[in-house]
Amino acid sequence: MSFDLPNNVNFTVDDVYKKLSHLHGNWTTCPDGLSDDIKLYSCVSSLDDCILLQIHFDRFTEWFNTLGLSPNVSKCKTMTYTRIRSPVKYAYHLGPTAIACSNGSVTNLTCYKRFLFLCRCLRFDDRETRAERRVIDELAPIRTTFDLFLKNINQNYNLSEYTTIDEMLHPFRGRCQWIQYIPSKPAKYGIKMFALCDAKTFYTSKIEIYVGKQPPGSYEVSNSPIDIVKRLVTPIENSNRNLTTDNWYTKFLPDKKKEVGSSVFGFQKNKTLVSYVPRKNKAVILLSTMHHDSKIDVETRKPEIIMDYNCTKGGVDTVDKMCAAYSVSRITKRWPLVIFYSLMNIAGINAQVLFSYFKHNNAPKIRRLFLKTLAFDLMKEHLASRAQISSLPSDISSFLKIKYAVPSTSDVSTTPRSKRGTCFECGRKKNAATSMKCTKCMRFICKLHSKKIIICEKCSNNDDNDNSK
């Protein structure tokens, strides 16, 4: 599908095959290159550019009517990305309906150059003492922030009965001594972290960053799988919770020559070992201290150990996937920032889990909406302080004062009032000075523009009695 549009306008169309199937035969699946979301990007520098963009909107309306499509204008938004204080504004419309403008958060926050400057200057320790601390700790540039983060996530949540330990890989290709290569991960190269997560809610309770062999000192620990698991399960030790790990933590050599679908069990005290062949030349071995029999699922013909493992193995992998879906990461060559961005992504997931427990009825189920609300709540104090600045542009100032202005706490009755003033109806032309005020709006008014009500004392007393009743 092609349209005659200028070079600075790009769009894609996808998922409209149901309405267009009568033109190109019966489409059972969506063809390549089609989309039901249309996005227009145009460089606007003058009012003529706005009019030209509106002409293209009109052409889209004609195209919709020709094909019998009905666009949902209520979901359409216009957003302006600019660095100038007074951008060109225009009221766009799609057919007879006006297109709503976005909330203007792009221009009301800090500018892009300021944001880049803050990212470049962001540090998590004292650079003057960093060399001394790195003698015994490779994570010295971010150790204090990392320890505080671990302390907070351990104190605010109790994990469920099913937990998972696995590794995360956060993308990074800069200069770092402990970059890992894991071909099974989407990023392939990055900083590896071992995490303890809740298999049900995906709350991350403890993290350990792999930095290779630490220098001799208090941070020198073993990197063997057994020791890593022992350190990670410290918060839930002796709590009778169930822990699921992958085959990196248990090394067995299975026999792949058995019959497909067969299972062989082994029992020893409180341990159960099962070898299962899912397909030809493929075998898996699982070790469990939770199961003590040889139960097999009737429908799938798989052992119960494997069924429980499949339900609880994806805790850390799901957290890794959620972090990649809505990430705050930015391109950087500094590995402390990569770790900081990773902690921010994990904190967003943990915050939604905690919020859903405290306010389960009002908690947004969509993670995108929760993160947007969380971001604006975190910026509320800063935006309220900006609302007090009088030198801001008029559009930004009016937006901030409407949504984030702090109400005045001063008592109105204690403020001194002027005894005489100018009548607001006469204006400055007549400059009629008066001491009378309207009883409703409390503005000064002269005799010519006011009405005097005469009432006797008896009627006045009757009105007072009616009001008291």
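See the structure shown above.
Residues numbered from 1 in each chain as written. Predicted model: local features only at pLDDT ≥ 70, side-chain atom pairs only at ≥ 80, totals over all residues. Heavy atoms only, no water.

Asker: Can you break down the packing of aromatic side chains residue by residue, with the values?
Answerer: Tallied over the full model, the rule gives nine aromatic pairs. With centroids separated by 4.9 Å and ring planes inclined at 40 degrees, the aromatic side chains of Tyr 181 and Tyr 189 adopt a geometry described as tilted. The exposure class assigned to Tyr 189 is partly exposed, which follows from its relative accessible area of 33%. Measuring from ring centre to ring centre gives 5.8 Å for Phe 355 and Phe 370, while their planes differ by 45 degrees; the resulting arrangement is tilted. One end of the pair, Phe 355, is in helix α10 (residues 335-358); the other, Phe 370, is in helix α11 (residues 367-386), and 15 residues separate them in sequence. Taking relative accessible area as the criterion, Phe 370 reaches 6% and is therefore assigned buried. A connected cluster of aromatic rings, assembled from ring pairs, spans Phe 124, Phe 340 and Tyr 341. Positioned above the aromatic ring of Tyr 210 is the side chain of Lys 192, whose terminal nitrogen or guanidinium carbon lies 4.9 Å from the ring centre. (Phe/Tyr/Trp six-rings, centres within 6.5 Å; stacked < 30°, edge-to-face > 60°. Buried < 20%, exposed > 50% of the residue type's maximum accessible area, 1.4 Å probe, protein only. Helix = DSSP H or I, 4+ residues; strand = E, 2+ residues; numbered from the N terminus. Lys NZ or Arg CZ within 6 Å of the ring centre and 35° of its normal.)

Asker: How would you sum up the environment of Gly 421? Please name residues and give values.
Answerer: Along the polypeptide, Gly 421 turns up in strand β13 (residues 421-422). Taking the relative accessible area as the measure of exposure, Gly 421 reaches 16% and is therefore buried. In this structure Gly 421 touches Ala 432, Ala 433, Thr 434 and Phe 444, once residues within four positions along its chain are discounted. (Contact = heavy atoms within 4.5 Å.)

Asker: Lay out the side chain of Glu 138 in plain terms, naming residues and giving numbers.
Answerer: Relative to the helices and strands, Glu 138 is located in the loop between α5 (130-133) and α6 (143-155). Separated by 3.3 Å, the side chains of Glu 138 and Arg 134 make a polar contact. Leave out the neighbours within four places in its chain, and Glu 138 touches Gln 177, Trp 178, Val 211, Gln 214, Pro 215 and Trp 335. (Polar contact = N/O pair within 3.5 Å; in protein donor to acceptor, adjacent residues only side chain to side chain.)

Asker: Which residues make up the pattern of salt bridges, and what values go with them?
Answerer: Scanning all chains against the criterion turns up nine salt bridges. Among the salt bridges present, the one from Arg 130 reaches Asp 125, with a minimum N-O distance of 2.8 Å. Assessed through its relative accessible area of 19%, Asp 125 is described here as buried. We note a salt bridge from Glu 138 to Arg 134, for which the minimum N-O separation is 3.3 Å. What makes Arg 134 partly exposed here is its relative accessible area of 30%. Connected via shared salt-bridge partners are Asp 125, Arg 130 and Arg 133. (Salt bridge = Lys/Arg side-chain N within 4 Å of Asp/Glu carboxyl O.)

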